[in-house]
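Now for the letters of each chain:
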Amino acid sequence: MRRRFCRPPRLEAPSASEAPAQALPLPAGENVPARRFLAIHLPLLAIEATGPADGPVLVWRANGPRREVLAVNAAAAALGVAPRQSLADAQAIAPGVQPRPEEPDAERARLQALGLWALRFTPLVALDPPQGLLLDITGVEALFGGEAALLERVLSSLRRHGHAALGAIAGTGPLAAALAQAAPGTIAPSGQERAALAPLLLFALRIPLPVLAALRRLGLERLGDLLAQPRAPLAHRFGAELILALDRALGEATAPFPSLRPPPDFHVTREFLEPLIARGGIDAVLSRLLPLLCQQLEDTGRGLRRLVLRAHRGDGTMQEIVLGLGRSSRDAAHLAKLLERRLDTLEPRFGFERLDLLAEITEPLAALQSGMPGAATQAVEEAALAQLIDRLGQRLPVWRLAPRASHWPERQAMRVEPFAAIETPPGWAARPRPLRLLRKPEPIEVMALLPDAPPRRLRWRGHWIEVSAAEGPERFEPEWWWDRPDRPLRDYYRVECADGTRLWICRAGLADEAPRWFLHGAFA
Amino acid sequence: MATLRRQVAVLEHAGTRPDHARQDPVPLCPSVDQVLPAGGLARAALHEILGTTALSGAALGFCALVLARSGGTVLWIGAEPEAWPPGLVRFGLDPARLVLVRASRPADALWAMEEALRCPAVSAALLASPGIGLTAGRRLMLAAEAGGALGLLLRADSPHPGPAVALTRWRISPRPGGAPSEAHWQVELLRSRGGAGGNWPLRWNEAAGELLDEASLPARPVRRRVG
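Residues numbered from 1 in each chain as written. Chains lettered and ligands numbered in written order. Predicted model: local features only at pLDDT ≥ 70, side-chain atom pairs only at ≥ 80, totals over all residues.

It is worth spelling out the overall build of chain B at this point. Regarding its fold elements, chain B presents 6 helices and 9 strands. Within chain B, the fraction of its 227 residues that count as buried is 48%. Partitioning the contacts of chain B with sequence separation of at least 6, the portion at a separation of at least 24 is 66%. (Helix = DSSP H or I, 4+ residues; strand = E, 2+ residues; numbered from the N terminus. Buried ≥ 20, exposed ≤ 12 C-beta atoms within 10 Å, placed from the backbone. Contact = placed C-beta atoms within 7 Å.)

Once that is clear, we can look at the overall build of chain A. Scanning chain A from terminus to terminus reveals 15 helices and 19 strands. Looking at the 524 residues of chain A, the share that counts as buried comes to 32%. Contacts in chain A between residues at least 24 apart in sequence constitute 55% of all its contacts with a sequence separation of at least 6.

Tallying the contact residues gives 45 residues for chain B and 50 residues for chain A. Within the residue set of the side of chain B that touches chain A, elements represented by two or more residues are helix 3 (57-70), helix 4 (85-88), strand 3 (98-102) and helix 5 (106-118) of chain B. Grouping the constituent residues of the side of chain B that touches chain A by class yields 30 nonpolar, 7 polar and 8 charged. (Nonpolar A, V, L, I, M, F, W, Y, C, P; charged D, E, K, R; others polar.)

All names here are of chain A. Overall, antiparallel pairing links the 6 strands, which are arranged 14-15-16-17-18-19 in a closed barrel. Sheet twist, expressed as the mean angle between neighbouring strand axes with direction ignored, is 45°. Sheet topology note: the strand 15 (residues 455-460)/strand 16 (residues 463-476) ladder contains 4 bridges and is antiparallel. Within strand 16, the residue paired with arginine 459 across the bridge is tryptophan 464. (Pairing = 2+ DSSP bridges. Axes fitted to C-alpha atoms, helices over the stretch in contact; angles between N-to-C directions.)

For the rest of this paragraph, the subject is the sheet that holds strand 3 of chain B. Strands sit in the order 13(A)-12(A)-3(B)-2(B)-4(B)-5(B)-1(B)-6(B)-7(B)-8(B)-9(B) across an open sheet of 11 strands; the sheet is mixed. The open sheet terminates on both sides in strands that have one partner only, identified here as strand 13 (413-416) of chain A together with strand 9 (210-213) of chain B. Pairwise comparison of adjacent strand axes, ignoring direction, gives a mean angle of 30° for this sheet. As paired strands, strand 8 (residues 198-205) of chain B and strand 9 of chain B are joined by 4 bridges and run antiparallel to one another. Bridged to B:Arg203 within strand 9 of chain B is B:Leu212. Here helix 5 of chain B sits on the sheet and contacts strand 2 (73-78), strand 3, strand 4 (122-128) and strand 5 (150-156) of chain B; the angle it forms with strand 4 of chain B, its principal contact strand, is near 165°. Relative to strand 1 (residues 45-51) of chain B, helix 6 (residues 134-147) of chain B is tilted by about 130°, and along the sheet it contacts strand 1 and strand 5 of chain B.

Residues and elements named next belong to chain B. Interaxial distance between helix 5 and helix 6 falls to 7 Å at its minimum, and their mutual angle equals 20°. As the angle between them shows, helix 5 and helix 6 are arranged roughly parallel. Crossing angle aside, the handedness with which helix 5 passes helix 6 is right-handed. Where helix 5 abuts helix 6, its residues Leu110, Met113, Glu114, Leu117 and Arg118 lie against Ala136, Arg139, Leu140, Ala143, Ala144, Ala146 and Gly147. Residue classes in the contact of helix 5 with helix 6 are distributed as 8 nonpolar, 1 polar and 3 charged. (Parallel < 35°, antiparallel > 145°, perpendicular 65-115°, else oblique. Left-handed = near helix turned anticlockwise from the far one by under 90°.)

What follows is about helix 4 (residues 104-117) of chain A. Residues and elements named next belong to chain A. Under the 1.5 Å per step criterion, the end-to-end length of helix 4 is 20 Å for 14 residues, consistent within 8% with the ideal 20 Å. Within helix 4, the full set of buried residues consists of Glu107, Leu111, Leu114, Gly115, Leu116 and Trp117. Its buried side turned inward, helix 4 meets helix 1 (45-48), strand 5 (125-128), strand 6 (132-136), strand 9 (302-313) and strand 10 (318-329). (Expected span 1.5 Å × (residues − 1).)

This paragraph deals with unusual backbone geometry. Residue and element names in this part refer to chain A. Of the consecutive residues proline 129 and proline 130, the connecting peptide bond is found in the cis state with omega at 5°. Mapped onto the secondary structure, proline 130 falls in the loop between strand 5 and strand 6. Despite not being glycine, arginine 206 shows a phi value in the positive range, around 55°. Inspection of the secondary structure puts arginine 206 in the loop between helix 7 (193-197) and helix 8 (209-217). Judged by the 15 C-beta atoms lying within 10 Å of it, arginine 206 is partly exposed.

This next bit is on the environment of B:Leu152. Residue and element names in this part refer to chain B. Tracing the backbone through its elements, the reader meets leucine 152 in strand 5. Between the C-alpha atom of leucine 152 and that of leucine 127, which follows or precedes it by 25 residues, the distance is 6.2 Å. In contact with leucine 152, other than residues within four places in its own chain, are His47, Ile49, Cys63, Val66, Ala124 and Leu126.

Counting 99 residues, the largest nonpolar core has B:Cys63, B:Ile77, B:Ala116 and B:Ala125 as the members making the most contacts within it. When residues in this core are grouped by element, the largest group, 10 residues, is from helix 3 of chain B. Those residues in contact with B:Cys63 that lie beyond four places of it in its chain are B:Ile49, B:Leu126, B:Leu152 and B:Leu154. One finds A:Phe121, A:Leu134, A:Ala196 and A:Leu325 within the second-largest nonpolar core, a separate group that totals 84 residues. (Core = buried A, V, L, I, M, F, W, Y, C linked by C-beta atoms within 7 Å.)

Now for helix 5 of chain B. Its 13 residues place the ends of helix 5 of chain B 18 Å apart at the C-alpha level, agreeing with the 18 Å of an ideal helix rising 1.5 Å per residue. Of the positions making up helix 5 of chain B, those classed as buried are B:Ala109, B:Leu110, B:Ala112, B:Met113, B:Glu114, B:Glu115, B:Ala116, B:Leu117 and B:Arg118.

This part takes up the packing of helix 6 (residues 173-182) of chain A against helix 11 (residues 240-250) of chain A. All names here are of chain A. Taken N-terminus to C-terminus, the directions of helix 6 and helix 11 make an angle of 90°; their axes are 6 Å apart at the nearest point. By the angle between their directions, the pair helix 6 and helix 11 is classed as roughly perpendicular. Residue-level inspection shows Pro174, Leu175 and Ala178 of helix 6 in contact with helix 11, the latter providing Ala245, Arg248 and Ala249. Of the residues assigned to the contact of helix 6 with helix 11, the class counts are 5 nonpolar, no polar and 1 charged.

What follows concerns the pairing of strand 12 (residues 398-403) of chain A. Strand direction decides the pairing type here: strand 12 of chain A and strand 3 of chain B, joined by 2 bridges, are antiparallel. Bridging across to strand 3 of chain B, A:Val398 finds its partner in B:Val101.

All names here are of chain B. Positionally, valine 187 belongs in strand 7 (residues 184-192). Look at valine 187 and you get buried, because 23 C-beta atoms sit within 10 Å. Note: C-alpha distance between valine 187 and proline 201 (14 residues apart in sequence) is 6.2 Å. Ignoring anything within four residues of it in the chain, the contact list for valine 187 reads Trp170, Ile172, Trp200 and Leu202.

In this section: the confidence of the model for chain B. When pLDDT drops low, the exact placement of atoms in the prediction is not to be read closely. All names here are of chain B. Chain-level statistics for chain B give a pLDDT mean of 83 and a share of 87% at 70 or above. When pLDDT is averaged over each helix and strand of chain B, the minimum, 69, is found for helix 1 (residues 2-12) and the maximum, 93, for strand 3. In the predicted structure, residues 14-21 sits below a pLDDT of 50 and forms 5 contacts with residues beyond four places in sequence or in another chain. Both confidence scores are given for the complex: pTM 0.68, ipTM 0.83. (pLDDT = per-residue confidence, 0-100.)

A few words on the confidence of the model for chain A. Of the residues in chain A, 92% reach a pLDDT of 70 or more, and the chain-wide mean stands at 84. Across residues 8-30 of chain A, confidence stays below pLDDT 50; counting only partners more than four residues off in sequence or on other chains, it has 14 contacts.

Here we come to the environment of B:Asp24. Within the secondary structure, B:Asp24 is located in the loop between helix 1 and helix 2 (30-33). Looking at B:Asp24, the number of C-beta atoms within 10 Å reads 13, which means it is partly exposed.

Structure below.
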């Protein structure tokens, strides 16, 4: 029997030809927010990563036995050197060119640094290796006076830092990246992805090389030719990846955007005309920024759990200080105290040109109701304790010991972070236990009348100590569900020495198989 | 005389000591409390405890008792804080109230202690350290007065303990004669500002949760020998 499928009517997205070309803040009710992406292409990153270049420079890469030119700067290109030549050819054509081996690590690091630098334009920046950056500029262009002005500003600042940079803006990330490479300077309006994509050559879309070659053999040159083909045979012949790449460029499938940093919930920023070099200046700026941030938090009834300070240096690098808080807070004085110590790690050198203060993780924080004696005092005390632990935790290890349902001494109390809630299981530590447990049990020697009798004398740190009384043994069987199978059982004795010292000693192993003795704790 | 002393104490700390919610001293045991000028271990002050043995178990027990009786959150600061909750609960110190801090450098330890003493949410703090200088001790004393917490300095006994900034100085040594799991101490009050010293044989009665003065009790049966 044939099954009949009932296909739901396909919803047509509102076509952008009817919408205004300049997508200003969308009217409420529009269910698909038009995202905008700015892609940056850095064609000479391979050269720039190897250091400053004033003369003709080329970067080569070993491709099997062949040394191949990877990138050339403008001066070298003028001499006739071009990428994909062999290094020997290039040196024959232009002997004056300085050859440098490729440094992929430096390149990656430089791209990462530039990505962090680009966080000044938008909180959402993704790396597009090997030579690209992708900025989600949805909604931020208004701050820079329009998309064209933003693009110009990004590119000119990159050029100021000595990078050759091309850029484009489009409604999807892959399309923007393709445009930045193939048609730099383009600003493609949202909704017209198809028109923007059509004139580009196939390689602009980073299609795998074998697929590209096969498509070329079919006589397809431009992406427009590809889009005109029926989808099903294309997918059948070249795999779903090609279709996915097309869909992502057209905005019909969502392209992943691996943002370098999570977008902050709140942030405040200050830029300086004169770079900030002295610690005093940084302190002064922070003392103004922190209350601003805390005011934002207070207005929305939230407290922050993670505070990030980003200091952008004049040379295009960025330094970050991340503060985690045990309990949400919006107390500017407390935050300033926590930051104070960490600010020493900043290296202004030539000065910071911009400081960002971001509240990365926030949670609801109710304001304290004053005038309610009982509850308010308790809440104030809790907050004071949390602040104390935060302060101590910035510098020293701080923890609590939580009881655990185990009888094995080392596992009876477990370190937990200082804000954890602690509950004592019923019947826990019902037997006499020492109040000091040595982290490393100290080996001792023991004399007893009989092999399995309680000890009469013990030798600890080179001295013989008389035992005047002993209680035990108390046998501890290893917990097989946690321990390694060959762990010996332990017999613990509580002994009192002649001077009254009360110790907890144990025999590891049975009495008749050469046991070892340890001092493990001290009673009060 | 007592009223005069109290007046002098008030004058000494005029303006520095804010009104704390908890002003009552930490009680130890009736016979000890009546010797102490405050009627117990005074809060908002520093107390020095000398432990006589290598592991100073007895002194730790005494500290645990004071921390437990201080009533609130307590901090345990030391180079290697080896406090063990299963033993501490026997003195009434609930693990939920205990926060441990490891400070391997003396400067860090002093800073942590000062911060802890200044915090109004901390009822007592213990610093286990080999010894602190006069200036550092004075700082801690001021911090304790400002914050209202009870500070304990735990250190090893030495023949010349040096000048003291703390309000009291105690020497706690274990006393032979009980069962190995029972706490018997010889508690010496070496120094007490504005009060007399003393020396008591004390025993911790876990079931009743009280410290007993053995001198005022009938003699206990002779101790057992190991068989």
